[in-house]
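Residues per chain are reported as follows:
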Amino acid sequence: MFRTHTCGQLTQANINEKVTLSGWVATLRDKGFMLWIDLRDRYGITQIILDEDRSSTELFETALLLGREYVIQVTGTVIERTAKNPQLATGEIEILAEEIKILNESALPPFTIEDQTDGGEDLRMKYRYLDIRRNPVKDKLIFRSKVAQEVRKYLDAQDFVEVETPVLIKSTPEGARDFVVPSRMNPGQFYALPQSPQTFKQLLMVGGLDKYFQIVKCFRDEDLRADRQPEFTQIDCEMSFVEQEDIIEVFEGLTKHLLKTFKNLDFEQFPRMTYAEAMKRYGNDKPDIRFGMEFAEITDLAQGKGFSVFDDQELVVGIAAEQCNSYTRKDIDKLIDWVKRPQIGASGLIWVRCNEDGTYKSSVDKFFTEDDLAAWAKRMNAKPGDLLLIMSGKGDKVRGQLSALRMEIGERLGLRKPDEFAPLWVVDFPLLEWDDETQRYYAMHHPFTSPKVEDYDLIKTNPGEVRANAYDLVLNGNEIGGGSIRIFDRKLQAEMFELLGFSPEQAEAQFGFLMNAFKYGAPPHGGLAFGFDRLVSILDGSETIRDYIAFPKNNSGRDVMIDAPAKIDEAQLEELSIKIDLPSTDEPK
């Protein structure tokens, strides 16, 4: 056998035992008369010792051939370690080597494989298989696995059935762009990779499975952001004969189970907030409620004073940044530059100091009296020592800009603590959103979301006011799950397609299979999907999902390790009936 124990297993209870370990050489320290090897595997590190009194010359010679990351097998006796290392689980023992076998040599790694490495992110992604040997990466992947097992245990106990749905499906026009896959057997036709298993899980409900789940890969060909991956994982779930409260109860239970299991935290019922309330109080539909700084609208107080920056705008809104009156003018100028970045897009920022002596000083003293500023401070529940930060503009746009500023201030003040958890349900989303460019409505979630029963009458008369039977689960300012009660009535689904601009022919071509299934007794049903990558990272105190994916893509959607996406040869293209016109080599690409 290659090993009798792992490198994280041996303790003083094993002293005088003869053991065999296998792993990678982490470090090698040669003192001439004595030599130590730190041997590493997934489970930990064990120190191997050779000395001139107890080890043969041949053994020393073999050991001196070793380099970092050589794969070796060591047989020896467990002895008590003279200089103990409390940082290691095996820190009280070491192995007096009697035999060393080199199982495989290693080239010198391009970066040090230690917890604190000298490798940059791009380099480590190129050599991800080496990066995984480091504890910070390895431990995150193990944590991900443990969360997945707990999810399965919980849902299995709730009688959910795990079902795999197809990966090669049909492209649909709603939502993000699909990744498409050409079909060799059907020239000129394409599969799509699923953005979610939405229609299939609804068909499983028609099939009578009642409760379905799947930890499933999904794909979206979207413009990438810093922490978005083109392929990601969902905990995808659906239930029959349920209303919104049934769904919330089950998946609030799952979230509580995970928070208890991994963070030892107990929660009462999660708070709830309507979409309208979330937008009004925090400027977005996934507010971080670990800290305050709620929005205060001061349009009525700030307009009519001759200050055009306020007078000409739809909304004037601000926050009280707690105890930030100590910010220097230079600090405030940096904040103003921050909100003017293209990512935020604000035109500027008005500030008011709430001094400890009860006076106020602002960037707009020319237009507003101290009584005016005091009224703003009162509306914002500001205290002496706070700094008022105020923006103006078009309603939803300025709320989004101020929301980004609120989160940035919360980060700078240390209010977004990774070891604190604040779950929240956001409910009553709009069913539809209007797009000025295309002059039509789009589904805010997807075309299969049911409207609130009490809003049915508005569908034909005022569709923009119809609320969705939809709900999102937010944790620490991140949406970790979302879902809805689905439309199960064929007539209502047809009305929804019509409202979204589908002709009957288009609806039939895209979703005829689902509409046909609804003719055969579809039950009331609904579901929810968790973003598994995001959920795992937040539970582990991080917001960077890439660290929890074994082989992630970079910000350009490339796998730099295997160099994908890549060209395929002409023969393959010909088999797929695809012709690509590429520029000649002397033309710029």
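Definitions and limits used
Residues numbered from 1 in each chain as written. Predicted model: local features only at pLDDT ≥ 70, side-chain atom pairs only at ≥ 80, totals over all residues. Heavy atoms only, no water. Helix = DSSP H or I, 4+ residues; strand = E, 2+ residues; numbered from the N terminus. Contact = heavy atoms within 4.5 Å. Areas by Shrake-Rupley, 256 points an atom, 1.4 Å probe, with all protein chains shown as cover. Lys, Arg positive; Asp, Glu negative; His and termini not counted. Charge placed at Lys NZ, Arg CZ, Asp CG, Glu CD. UniProt positions renumbered as here; feature names shortened; annotations may be inferred. Core = buried A, V, L, I, M, F, W, Y, C linked by side-chain atoms within 4.5 Å. Buried < 20%, exposed > 50% of the residue type's maximum accessible area, 1.4 Å probe, protein only. Arc of directions from axis to C-beta. Axes fitted to C-alpha atoms, helices over the stretch in contact; angles between N-to-C directions. Parallel < 35°, antiparallel > 145°, perpendicular 65-115°, else oblique. Left-handed = near helix turned anticlockwise from the far one by under 90°. Nonpolar A, V, L, I, M, F, W, Y, C, P; charged D, E, K, R; others polar. Phe/Tyr/Trp six-rings, centres within 6.5 Å; stacked < 30°, edge-to-face > 60°. Lys NZ or Arg CZ within 6 Å of the ring centre and 35° of its normal. Salt bridge = Lys/Arg side-chain N within 4 Å of Asp/Glu carboxyl O. Pairing = 2+ DSSP bridges.

1. Points about the overall build of the protein chain
Phase 1: Helix and strand content of the protein chain: 17 helices and 22 strands.
Phase 2: Expressed as lengths along the three principal axes of its C-alpha atoms, the size of the protein chain is roughly 90 × 75 × 65 Å.
Phase 3: Considering only intrachain contacts with a sequence separation of at least 6, the fraction spanning at least 24 residues in the protein chain is 66%.
Phase 4: When the accessible surface of the protein chain is split by element, carbon and sulfur atoms take 49% of a total near 29800 Å².
Phase 5: Charge-centre separation for the protein chain: the mean point of 73 positive side chains lies 2 Å from the mean point of 99 negative side chains.

2. So, the UniProt feature "binding site: L-aspartate" (unreviewed entry) in the protein chain
Phase 1: Under the local residue numbering, the UniProt record ascribes the feature "binding site: L-aspartate" (unreviewed entry) to Glu174, Arg220, His445 and Arg486.
Phase 2: Considering the arrangement of structural elements, one finds Arg220 in the loop between strand 9 (211-219) and strand 10 (231-240).
Phase 3: Not counting residues up to four positions away in its chain, the partners in contact with Arg220 are Ala176, Arg177, Phe179, Gln195, Pro230, Phe232 and Gln234.
Phase 4: For His445, the position within the fold is in the loop between strand 19 (440-443) and helix 13 (458-461).
Phase 5: Setting aside residues no more than four positions away along its own chain, His445 makes contact with Phe429, Ala470 and Asp472.

3. Observations concerning unusual backbone geometry
Phase 1: In this structure, the amide linkage connecting Ala564 to the following residue, Pro565, adopts the cis form with an omega of 5 degrees.
Phase 2: The backbone of Asn16 sits at a positive phi, close to 80 degrees, despite the residue not being glycine.
Phase 3: Within the secondary structure layout, Asn16 lies in the segment before strand 1 (18-30).
Phase 4: If you check the backbone angles, Asn381 has positive phi at about 55 degrees while not being a glycine.

4. Some points on the nonpolar core
Phase 1: Of all hydrophobic cores here, the largest spans 37 residues; its most connected members are Leu155, Phe251 and Phe530.
Phase 2: Sort the elements by how many residues they give to this core and helix 6 (residues 244-263) lands first, with seven residues.
Phase 3: Not counting residues up to four positions away in its chain, the partners in contact with Phe530 are Thr233, Gln234, Ile235, Phe251, Leu254, Thr255, Leu473, Ile480, Gly481 and Leu535.
Phase 4: Of all hydrophobic cores here, the second largest spans 30 residues; its members include Tyr282, Leu492, Leu514 and Met515.

5. Quick look at helix 7 (residues 275-282)
Phase 1: Tyr275, Ala278, Met279 and Tyr282 are the residues of helix 7 that are buried. In a view along the axis of helix 7, the buried residues occupy a sector of 105 degrees, so they form one face of it.
Phase 2: Packed against the buried residues of helix 7 are strand 11 (272-274), helix 12 (395-412) and strand 17 (423-427).
Phase 3: Among the residues trailing helix 7, Gly283 stands out with phi positive, at a value near 80 degrees.

6. Looking at the environment of Thr77
Phase 1: Examined against the element boundaries, Thr77 turns out to sit in strand 4 (residues 71-80).
Phase 2: Those residues in contact with Thr77, other than ones at most four positions away along the chain, are Asn16, Glu17, Lys18, Glu94, Ile95, Leu96 and Glu98.

7. Comments concerning the packing of helix 5 (residues 198-206) against helix 15 (residues 504-518)
Phase 1: Here helix 5 crosses helix 15 at 20 degrees, and the two axes come no closer than 10 Å. By the criterion of interaxial angle, the relationship of helix 5 to helix 15 is roughly parallel. As for how helix 5 packs across helix 15, the hand of that crossing is left-handed. Packed against helix 5, whose contacting residues are Thr199, Gln202, Leu203 and Val206, the element helix 15 presents Phe513, Leu514, Ala517 and Phe518 at the interface.
Phase 2: A per-class count over the contact of helix 5 with helix 15 returns six nonpolar, two polar and no charged.

8. Let's talk about the side chain of Arg40
Phase 1: Inspection of the secondary structure assignment puts Arg40 in strand 2 (residues 34-41).
Phase 2: Those residues in contact with Arg40 that lie beyond four places of it in its chain are Cys7, Gly23, Trp24, Val25, Ala26, Ile45, Glu69, Ile113 and Arg133.

9. Some thoughts on the packing of aromatic side chains
Phase 1: Across all of its chains, the model carries 19 aromatic pairs by this definition.
Phase 2: Between the aromatic rings of Tyr275 and Phe429, the centroid separation amounts to 5.3 Å while the plane-to-plane angle is 40 degrees, which identifies the pairing as tilted. Within this pair, whereas Tyr275 is found in helix 7, its partner Phe429 is found in the loop between strand 17 and strand 18 (432-435), the two being separated by 154 residues in sequence. The pair formed by Tyr275 and Phe429 is uniform in burial state, with each residue classed as buried.
Phase 3: These aromatic residues form a ring-pair network of at least three members: Phe307, Phe310, Phe367, Phe368 and Trp376.
Phase 4: Cation over ring: Arg406 sits above Phe291, and NZ or CZ is 4.0 Å from the ring centre.
Phase 5: A cation sits over an aromatic face here: Arg440 above Tyr442, 3.9 Å from the ring centre.

10. Considerations on the environment of Tyr275
Phase 1: A residue is classified by how much of its surface remains accessible, and Tyr275, at 17% relative accessible area, is buried.
Phase 2: When the C-alpha atoms of Tyr275 and Asp285 are compared, they prove to be 6.0 Å apart, with ten residues separating the residues in sequence.
Phase 3: Beyond its immediate chain neighbours, meaning those up to four positions away, Tyr275 contacts Asp285, Val426, Val427, Asp428, Phe429, Pro430 and Met444.

11. Describing the pattern of salt bridges
Between side chains of opposite charge, a pair can form when the charged atoms approach closely.
Phase 1: Under the counting rule described, the total for this entry stands at 46 salt bridges.
Phase 2: A salt bridge links Arg290 to Asp288; the shortest N-O distance between them is 2.6 Å.
Phase 3: One continuous salt-bridge network, built from bridges that share partners, spans Asp288, Arg290, Glu411, Arg416 and Glu543.

12. Re the sheet that holds strand 16 (residues 387-393)
Phase 1: Here five strands make up an open sheet; going across it, the order is 12-13-16-14-15 and the pairing antiparallel. Only two strands of the sheet have a single neighbouring strand rather than two, namely strand 12 (296-297) and strand 15 (360-362).
Phase 2: In this sheet, strand 16 lies alongside strand 13 (residues 315-321) in antiparallel orientation, the contact comprising seven bridges. Bridging from a neighbouring strand, Ala321 pairs with Leu387 of strand 16.

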